[in-house]
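# A structural walkthrough
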Amino acid sequence: MQVESDVVVIGGGMAGLVAAAVALDAGLSVTVVTRGHGATASSSGAIDILGYLPGAVLPVEIPADGVHTLAMFHPWHPYTLIGLGTTDAGRSADASVAQVSDAIDWFRDRISSAGLEISGSVSETQWPVSVLGTVKPTTLLQSSMVTGSMSTDADATVLFVGLRGLPDLNPRAASSAYSEWCQSTGEGPHRVVGTVVELRSLSQRQALSSIEIAHHLDTDAGRTELTDALVPIVNNTGATHVVLPPVMGVVDSHEARESLETALGCRVIETLGVPPSVPGSRLQAALERMVVSMGGRLLKGHTVQDHRVTDGRITEVTARSRRRSVTVSASAFVLATGKFVGGGIVGDETGLREFLFGLPVFDAQRYLVGDERPSHLTSVRSVTPTGHRVFACGVGTDTMLRPVGVDGDVVYENLFCAGAILAGYNYQTEKSGLGVALVTGHTAGTYAARETKEVM
Amino acid sequence: MSDEEEAYQFVLGTLSRERIVPYSEAELPIVKSVEQCINCGVCLNHCPLIPAVGVMRFPGPRGIAVRLSRSPPEFWTDADVIYLCTGCGTCREVCPNDVDIPSVVNMIRKRILRTMPDLVPLPLHQLQERVREYGLAFEPWEDPEDKADSRDMRLERLGLPLFEDRITDHAEVLYYPGCQAEERAQEIREAAKVILEHFRVDYTLLEEMRCCGLPLELLGDDEQAEELAGRLTEQVRSLGVEYVVTTCAGCTSRLSEIAVSHHWSAKVLHIVEYLREVIGEERVRDTLRAATGPPEAVAVHQPCHLIRHVSRNIGDDMEWLLDLIAPVTVKHSGVEDSCCGGGGLVNHHDTKTSDAVTRVNVEAIGALGVDRAVAPCPLCVAQLENAAFRAGVDMDVEDLTVLVAQYLSGE
C-alpha cells in the first residue's frame, strides 16, 4: 500500500510525537511510524531538562542558567547545537535557552489540551520524591507529583503511604530515606512517618500491580476506599502531606488528586514512577492523544525496513506490520527511534550501529565509536559524575539536527534527528533525557515543517 | 535411516517420555524473541487482563516471558493462567523489543495439549472435536431449511436482499466467510455478497466451507490446523483466484499467515481493505455518495486480529469507509482499539473473565449514546453484544460489512 504525507516521523516516543505535533501545528499532514513503546513509556513521568552540568556533583538550581552554561562550554551538546542553528556563536547560548524555554511553553499548552497537566519552567528546579524516598532535580512535573511546600516547610508532617500487596513503595524505607535527606539539607519537614493501608475490594489479591490500583483509583469507589482507610491515620498523625506510590489514575492524575485532597483535607502527592511506570504510560498516552487529536496519523506496530534516496534526499520509507507493508512518501523525515531501549542504536560485540540508515555513531566528544565494543565505553566504577561514555553515543548532526557522516557532511538533506538517537548528551548523569527529547523534537519538527514548505 | 536420524529419533523418544516437546524450526524465532525481554513491564500497563482480573490471577505478558526464560520450562505449570490470555497482541505491539507473547501462548498451549491434555479446559477439547468432525468451529445446522429460515429472518430484519450463492472455478476473487458467518451470523456472509455483487466483482464461494484453523492454533492443535491450511491452499491454487476476501478478523490474520507460509500467489484482504485498495477509493466514494437514510451515530470497534495481527492501517480504512456514508457520524469511545475479550478462546471456557475484559468497551460505548456500534468481525460483534446483554447495557452491535451493505442496497 502506498500513502503520501508531508512529513514522516519514525519513532513514537517523546521526541517523535513532539516533532509530529509541531509539524501538524504548521498545517502539514504527518504520519508517525512507531514500532513499540520506548523509554518515554518507561520513564518516571517527570521531564528533566537539566539536573546536573556534565561532570558536576551539585545540581542545577535554575535550568535556564544551566542550559546557558552548558551551551558555552559543550559544543556538541544538542542544546548547544540548536542554539548555533539560529544565531552566531557569540549569542548562541541565549538562543539555546530561548529555544528550550519556547519548547516548554509550547508543550505545556499542547499536552494540557490532551488532558495532562504539567507544571514547571526553566526558571526553577523542582524536587520530586521517588518511591525510595529519595529526591531528584527535575524541571517539569505532572501536577500530581509537585511537592510544593513539602520540601521547604519545617512544620509539615509527611506521611508515606504503602498499599498492601504493592511492592513498589515501602513506606518505612521511604520515610526514613526522606527524613535523612531533610536532615542532610537542613531544609524540609521534621516529621516524616509511614503507614500501610489496604484497599477493601482488592484485599483478596495478595499481589497487586500499580496499574490495577491506578485503574481502581480512576473510579469513585476506589478513591472512597483509599480515603476511608487514610482519614483516621491522617487525623492521628496530623499529616499535612500524604505521599502515595505512582498510582494516581491511568489517564489523568489531576482528578484523582483533587478528589483525594478534598476528602483528606491535606496535600496528596504521587512519587515518581518506576517501571512499569504508570506516570510514564500516562505521559505516553497523552502524547499520542495530542498527535491524534491534531489530525496526525499514528501508525503503530510498524517497523521501518526500507527507504529510498534520490539526490541525497529520502523520498519514501517502507514499514512492515505483522502481515502488511505500507510505503509512505514525504518531503521531510524525522528520525526519533531512540537509543538502546527504543532500538534506534543497536550495540553488540561488533560495535554500535544506527539501526535504520546505517549512520555513523559518535560519542559525546564527536569521536567515531562505531567499531567499539559497548562494554569498552563503560567505566569500571558504576556511579560517577561523568557517567558512562556509552550513554552519550549516538548520531552526530549539524546545527539543524541533520545527521552527518564521518567527514562531517550532511548525509540526507531532509532528515532531522531528535531525542535519544542523538550523540552528545549523557541523560544518565545530566538528568536531561526527556528534556532533550522534547526540545530537539520541537526543533526537528520545526525544521521538517520548514523543509516541506520550501519544497512545496 | 541414517545414524544421525536414528539418534535423533531416540532422543525424541526420551524427550517424549519426559513430556518435553522440542521446539520446531518455526518456533525458534519466537523463543529467541523471549530472550529479548528486558523485564520493563510496559506490557503489564496495557494488557487488558490485568485490570480485569489482576496480576494475582494472571501474571501478565511479562510473567509469561519471565517464566519461559527460566530453563527448562515446565509448561504445564502455566496451565492455570495460559488459557486466560485473549491473544489480543497488545503486549507485542507496545513491547520495545518485539517479544512475541501471543505466539508464546500458542506454543505453551500446544505443549500442554500434547503432554497434559487433562489440564486443557473441557470446552476447548469439545471445540477441537467439533472441528475434527465437521471442519467447522460451530456445529452445523441439522436441517438446511432451518438454516435458510434463520438467514432469511436476519436478512428481513436488516432489509438486505438475498443473492444466490456463486460457485464457479474461474473467478477473480474467493470470498471466504469463515465458520461464524457460515453457520451463525449468516447476515454477514450475505452482506458481503451484496457488496461484491454491487461492485460487480467476479467472485466465488467455496463449495464446502472449512475452518481457517485459527481456533486450533489457539488451542494448540497445530497438526489439524496445518491439515486445514494445506487443504485450503490446494483449493486456492486450483481456483486460481487473485484475491481471497474475508469478513472475519481472525480468518484475515490466519489466512494472511497461511498465504505467506504456503506461498500463495493470491492476496488475502479483509473486505474493508479490498474496497479501498482494489475497488478503489474513487469508485467506492462515488457509489456511497448516494447512500441515504436518517442520520445515525455509530461507534467503531477495531478487532485485534485486524489491527494488531495484520495492520493498524485497517483501522484507518474503517474510518475512511464510514466517513463516506453521509448519514453516518462516527463517535469515538477512546477505547475502540481495546480487546473485546472474545479472543484466545477465553469466551469458550471462562465468560466471566472475557466479560470482565469487554466491560471497558461496553461501558465506554454505552456512555456515548450511539445508535449502534460496529466492528468488522463476527466474533467481536457477538462478544460485545452478549457482554452488553449480560451487563444490562442496551446496545445495538452490528457488523461493519452489514452496515455498508445496508447503505448500498438502500439506494
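For the structure itself, consult the block above.
It should be emphasised that the depicted structure is a prediction, and the values quoted were computed from it without experimental measurement.

## Observations concerning the nonpolar core
The biggest cluster of nonpolar side chains holds 88 residues, and the ones touching the most others in it are A:Met14, A:Ile47, A:Phe107, A:Leu287 and A:Phe357. Take this core: its biggest share by element is 10 residues, from helix H1 (residues 14-25) of chain A. In this view, A:Met14 contacts A:Thr40, A:Ile47, A:Phe107, A:Leu283, A:Leu287, A:Leu434, A:Ala437 and A:Leu438; residues no more than four positions away in its chain are not counted. Counting 74 residues, the second largest nonpolar core, distinct from the first, contains B:Val34, B:Ile82, B:Tyr83 and B:Ile258.

## Observations concerning the pairing of strand S2 (residues 7-10) of chain A
All names here are of chain A. On S2, burial covers both faces: Val-7 and Val-9 on one face and Val-8 and Ile-10 on the other are all buried. Where S2 and strand S3 (residues 30-33) come together, 4 bridges link them in parallel fashion. Bridge pairing in S3 links Val-9 to Val-32. Handedness of the crossover joining S2 and S3 through H1: right-handed. Both S2 and strand S14 (residues 332-335) contribute to a ladder of 4 bridges, which runs parallel. Residue pairing in the sheet places Val-7 in a bridge with Ala-332 of S14.

## A few points about the sheet that holds strand S11 (residues 303-310) of chain A
All names here are of chain A. Strand order in the open sheet made by the 4 strands is S1-S13-S12-S11, with mixed pairing throughout. Looking at strand neighbours, the two that pair on one side only are strand S1 (2-4) and S11, the edges of this open sheet. Sheet twist, expressed as the average angle between the axes of neighbouring strands with direction ignored, equals 25°.

## Thoughts on the interface of chain B and chain A
Across the boundary between the two partners, chain B contributes 43 residues, which contact 31 residues of chain A. Counting each side, the surface lost to burial between chain B and chain A is near 2,800 Å², with a carbon and sulfur contribution of 52%. Its largest share of buried area at the contact with chain A, chain B owes to B:Asn45, B:Met56 and B:Asn313, together 21% of the area lost on that side. Our count for the chain B to chain A interface comes out at 5 salt bridges.

## Focus: the pattern of salt bridges
In this structure the tally under the stated criterion is 57 salt bridges over all chains. Taking the shortest distance from any N to any O, the salt bridge between A:Asp88 and A:Arg91 comes out at 3.1 Å. Given a relative accessible area of 52%, A:Arg91 falls into the exposed group. One salt bridge in this structure joins B:Arg312 and B:Asp337, with 3.1 Å as the shortest N-O distance. One end of the pair, B:Arg312, is in the loop between helix H17 (304-307) and helix H18 (313-324); the other, B:Asp337, is in the loop between strand S6 (328-331) and helix H19 (346-349), and 25 residues separate them in sequence. The same class applies to B:Arg312 and to B:Asp337, which are both buried. Salt bridges sharing common partners tie together B:Lys147, B:Asp165, B:Glu182, B:Glu183, B:Arg189, B:Glu190 and B:Lys193.

## Description of the packing of aromatic side chains
Within the structure shown, the criterion is met by 7 aromatic pairs over all chains. Measuring from ring centre to ring centre gives 6.1 Å for A:Phe416 and A:Tyr447, while their planes differ by 15°; the resulting arrangement is stacked. Here A:Phe416, found in strand S19 (residues 415-417), pairs with A:Tyr447, found in helix H12 (residues 433-455); they are 31 residues apart in sequence, far enough to count as distant. Neither A:Phe416 nor A:Tyr447 differs from the other in exposure class; each is buried. Looking at A:Arg366, its charged tip hangs above the ring of A:Phe362, at a distance of 5.6 Å from the centre. Across from the ring centre of B:Phe75, 5.7 Å away, lies the NZ or CZ of B:Arg111, which sits over that ring.

## Here's the deal with empty space enclosed by the protein
Residues and elements named next belong to chain B. Scanning the entire structure with this criterion turns up 5 cavities of 30 Å³ or more. Empty space within the largest cavity amounts to approximately 150 Å³. Cys-37, Cys-40, Cys-43, Cys-95 and Val-99 are, among the 17 residues lining the largest cavity, the residues nearest its centre. Where the lining of the largest cavity is concerned, the elements lending two or more residues are helix H3 (42-46) and helix H5 (60-68). Its residues placed into classes, the lining of the largest cavity shows 12 nonpolar, 4 polar and 1 charged. As a volume, the second largest cavity reaches approximately 90 Å³.

Quick notes on the rules
- Residues numbered from 1 in each chain as written.
- Chains lettered and ligands numbered in written order.
- Predicted model: local features only at pLDDT ≥ 70, side-chain atom pairs only at ≥ 80, totals over all residues.
- Heavy atoms only, no water.
- Core = buried A, V, L, I, M, F, W, Y, C linked by side-chain atoms within 4.5 Å.
- Buried < 20%, exposed > 50% of the residue type's maximum accessible area, 1.4 Å probe, protein only.
- Helix = DSSP H or I, 4+ residues; strand = E, 2+ residues; numbered from the N terminus.
- Contact = heavy atoms within 4.5 Å.
- Pairing = 2+ DSSP bridges.
- Right-handed = clockwise from strand over helix to strand, strands pointing away.
- Axes fitted to C-alpha atoms, helices over the stretch in contact; angles between N-to-C directions.
- Buried area = accessible area lost by both parts, 1.4 Å probe.
- Salt bridge = Lys/Arg side-chain N within 4 Å of Asp/Glu carboxyl O.
- Phe/Tyr/Trp six-rings, centres within 6.5 Å; stacked < 30°, edge-to-face > 60°.
- Lys NZ or Arg CZ within 6 Å of the ring centre and 35° of its normal.
- 1 Å grid on protein atoms, 1.4 Å probe; cavity = no way out; pocket = protein on both sides within 12 Å on 5 of 7 lines; lining within 4 Å.
- Points joined across faces, edges and corners; volume = space filled by probe spheres on them.
- Nonpolar A, V, L, I, M, F, W, Y, C, P; charged D, E, K, R; others polar.

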